[in-house]
Amino acid sequence: MFSKILIANRGEIAVRIIKTCRRMGIATVVVYSEADADSMAVEMADETVFIGPAPAAQSYLVADKIIAACRETGAEAIHPGFGFLSENAGFAKRCADEGIVFIGPNPHAIEAMGDKIQSKLFAVKAGVSVVPGHVGEIDDTAHAIRISEEIGYPVMIKASAGGGGKGIRVAWNTKDVEEGFPAVKAEAKASFGDDRIFIEKFIESPRHIEIQVLGDKHGHVVHLFERECSIQRRNQKVIEEAPSPLLDEKTRAAMGEQAVRLAQAVNYDSAGTVEFVAGQDKSFFFLEMNTRLQVEHPVTELITGLDLVEQMIRCAYGEKLAFSQTDLKIDGWAIESRIYAEDPYRGFLPSIGRLVRYDPPAEGNIGKIKVRNDAGVREGDEISMFYDPMISKLSTWAKTRTEAVDAMGTALEDFHIEGLGQNIPFLSSVMDQERFRSGKLSTNYIKDEFPEGFSGTPPTAFQRDLMAAVACAMHRVMTRRAAPELMRDDWVVIENGERRLVRVTNGAALSVEFLGEGRTLSLTDIAWRPGKPVFKGVLDGRAFAAQVEPAAEGFRIRHRAATAHVLVLTPRTAELHEKLPPKKAADTSKMVLSPMPGLVVTLDVAVGQQVRAGEAVAVIEAMKMQNIIRAERDGVVKAVNAAAGDSVAADEVLVEFA
């Protein structure tokens, strides 16, 4: 077995690989950029090598620097993780030429399958059904428009070397192609160093189902069943699960057989994923093959009991697979939620910054469920604008899908992050939705269920009671500490403007009686003290965790996706509170604000220019994604406050209208 492996990656996947190497007794080397100098991966690795500035094109994508780091440290093999150089056939060949083992598939397999254009041609020759489209390079925007019109809208514009949701746009008309084609080329060039584009038919209301394959260097290939990855936003997977609630045994076997046949055709000898687009009728078409480890591999590991990183290392070393297809069985159900540094309340825009607080749920076997959190960050770390915005991947396992979903909901409750926007409330709302719980999924799910964007969910009856009880408990503790002479039992709770009369008394538990409603609730097992951002307890026998913080008045409380501003007042104070005038929001209707921190790529208007609502005003790049900023109203430009190349903060004024 290898004695030392270099990890040519960063963040959570670098940490993930280190953990397996430690268990196998293999020393690790991590390369790092300026932005990652104090990262968790750097702290955990046995050796580290600095490889340059933060932009990936100057560090993690520079093959010469990776090879030099191997030479310097004596590493025998390179694990590329995912992204960066993981699907670069030239890099795999370079490793072979240098006598370094590439922990991934052979260069021929990467060339045949890793290139999205060539993989389509290869799949057709192999007799695999593919999505209709233009399989070939595209010259320019005009050419892209002609192709799109021939295929018929809607179409998908995709980077040939793409992955991770980068370099993809859906075009519904000619205007979308005019804007989307150059944007995809720019993203592809920046993220992958390859701006080749292809276009295919976009199948409406599809499901995204992928088959995990694993091959060794002795001709053996197996599949490790499927993952359902239909919950996506901007073509970026958000929630994955294994197995898929759509498939029956017959369809699962057919997809698995086709994936194995395709892998065998290129002598595939590592972990890889064959992706399919599936109809609700269980029809399926080959989409692409990812010749690398997938971000969502933990759910496959949870239902099979295998360590895919370990299997990749063993296959690269030349060992035979220790199992056959008949040895593999699906055990239980697993769900993965990707925790992103993005603000769901502001259109899921990137939200870079420091993790002021980072407190994930406990991991391991908890009763009949398992909780796993793959992360590459710690409290105090910074989420950089230069890389993917993922904070961690939270996974849960249970014997049934319903139990796994319930376990995920509970784990998300227990996950606390401060310092930047994050999508935990959104993920919680999906876990509670009847449609998701029923397994009726499609890649349009988020667009269908949240057509106006995400603004949280209204509190259920239980959540209204929970928030009132939590506010009363916190108010009681703080009053006893600050002014015990003001302690009393009867209060008015105002929750998002709604008044409720309550009586709060202490006994073996905190008793919260809703006067006039004829109900009394018992709050027990309270775990909270002033300053603590998570309130845990049991309300009438149901355990919960709520995110809490003091507001200008009262408390701001979030339980899952429901948030409320809750006041606990004396009856007289409540009367006076009603007479306060509402606070007016600042008027920003004549301004175009940057919705996120990032880099200005272009600023497309000038002083005196007439702008119509919906027109592109600027392009802001953040976390490798280019975001088109549009005017929300008609107007004449009065001032332009930024230029291409400037770094801007969230809510910074880009353009002012007269």
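Residues numbered from 1 in each chain as written. Predicted model: local features only at pLDDT ≥ 70, side-chain atom pairs only at ≥ 80, totals over all residues. Heavy atoms only, no water.

Caption draft 1: Just the packing of aromatic side chains, in detail. For the coordinates displayed, the defined rule picks out 17 aromatic pairs. Aromatic side chains Tyr-60 and Phe-84 sit 5.0 Å apart centroid to centroid with 15 degrees between the ring planes, which places their arrangement in the stacked category. Residue Tyr-60 is found in the loop between strand E3 (47–50) and helix H3 (63–73), and its partner Phe-84 is found in the loop between strand E4 (77–79) and helix H4 (89–97); the two are separated by 24 residues along the sequence. For Tyr-60, a relative accessible area of 1% gives the class buried. Looking at Phe-84, the relative accessible area reads 18%, which means it is buried. Here a set of aromatic residues connected by ring pairs shows up, and it is made of Tyr-345, Phe-348, Phe-426, Phe-450 and Phe-454. It is Arg-401 that lies over the ring of Phe-436; its NZ or CZ is 4.9 Å from the centre. When the ring centre of Trp-491 is taken as reference, the NZ or CZ atom of Arg-488 above it lies at 5.7 Å. (Phe/Tyr/Trp six-rings, centres within 6.5 Å; stacked < 30°, edge-to-face > 60°. Helix = DSSP H or I, 4+ residues; strand = E, 2+ residues; numbered from the N terminus. Buried < 20%, exposed > 50% of the residue type's maximum accessible area, 1.4 Å probe, protein only. Lys NZ or Arg CZ within 6 Å of the ring centre and 35° of its normal.)

Caption draft 2: Structural detail: the sheet that holds strand E37 (residues 625–630). Strand order in the open sheet formed by 4 strands is E37-E36-E34-E39, and the pairing between neighbours is antiparallel. Only two strands of the sheet have a single neighbouring strand rather than two, namely E37 and strand E39 (647–648). One ladder, built from 4 bridges, connects strand E34 (residues 598–603) with strand E36 (residues 616–622); its direction is antiparallel. In the sheet register, Leu-603 faces E36, and the bridge partner there is Ala-618. (Pairing = 2+ DSSP bridges.)

Caption draft 3: Region of interest: a positive patch on the surface. Residues Arg-481, Arg-529, Lys-532 and Lys-536 make up a contiguous surface patch of positive charge. By relative accessible area, which is 53% here, Arg-529 ends up exposed. (Patch = residues over 30% accessible without salt bridge, like charges linked within 9 Å, V, L, I, M, F, W, Y side chains within 5 Å. Areas by Shrake-Rupley, 256 points an atom, 1.4 Å probe, with all protein chains shown as cover. Salt bridge = Lys/Arg side-chain N within 4 Å of Asp/Glu carboxyl O. Lys, Arg positive; Asp, Glu negative; His and termini not counted. Charge placed at Lys NZ, Arg CZ, Asp CG, Glu CD.)

Caption draft 4: The environment of Ala-574, seen in detail. Turning to its location among the elements, Ala-574 is positioned in helix H17 (residues 571–577). The class for Ala-574 is buried, based on a relative accessible area of 0%. Once the C-alpha coordinates of Ala-574 and Ile-209 are considered, the two residues, 365 residues apart in sequence, prove to be 54 Å apart. Contacts of Ala-574, omitting those with residues within four sequence positions, involve Val-492, Ile-494, Arg-499 and Leu-569. (Contact = heavy atoms within 4.5 Å.)

Caption draft 5: Region of the structure containing the pairing of strand E30 (residues 542–550). By the bridge criterion, 6 bridges tie strand E29 (residues 534–539) to E30 in an arrangement that is antiparallel. Residue pairing in the sheet places Lys-536 in a bridge with Ala-545 of E30. Bridge count for E30 against strand E31 (residues 555–559) is 4 bridges, and the pairing is antiparallel. Looking at E31, one finds that Gln-547 is bridged to Arg-558.

Caption draft 6: Representation of the sheet that holds strand E25 (residues 490–495) within the structure. Taken in spatial order, the 8 strands line up as E25-E26-E27-E28-E29-E30-E31-E32 and close into a barrel, and their pairing is antiparallel. For this sheet the average axis-to-axis angle between neighbouring strands, irrespective of direction, equals 35 degrees. (Axes fitted to C-alpha atoms, helices over the stretch in contact; angles between N-to-C directions.)

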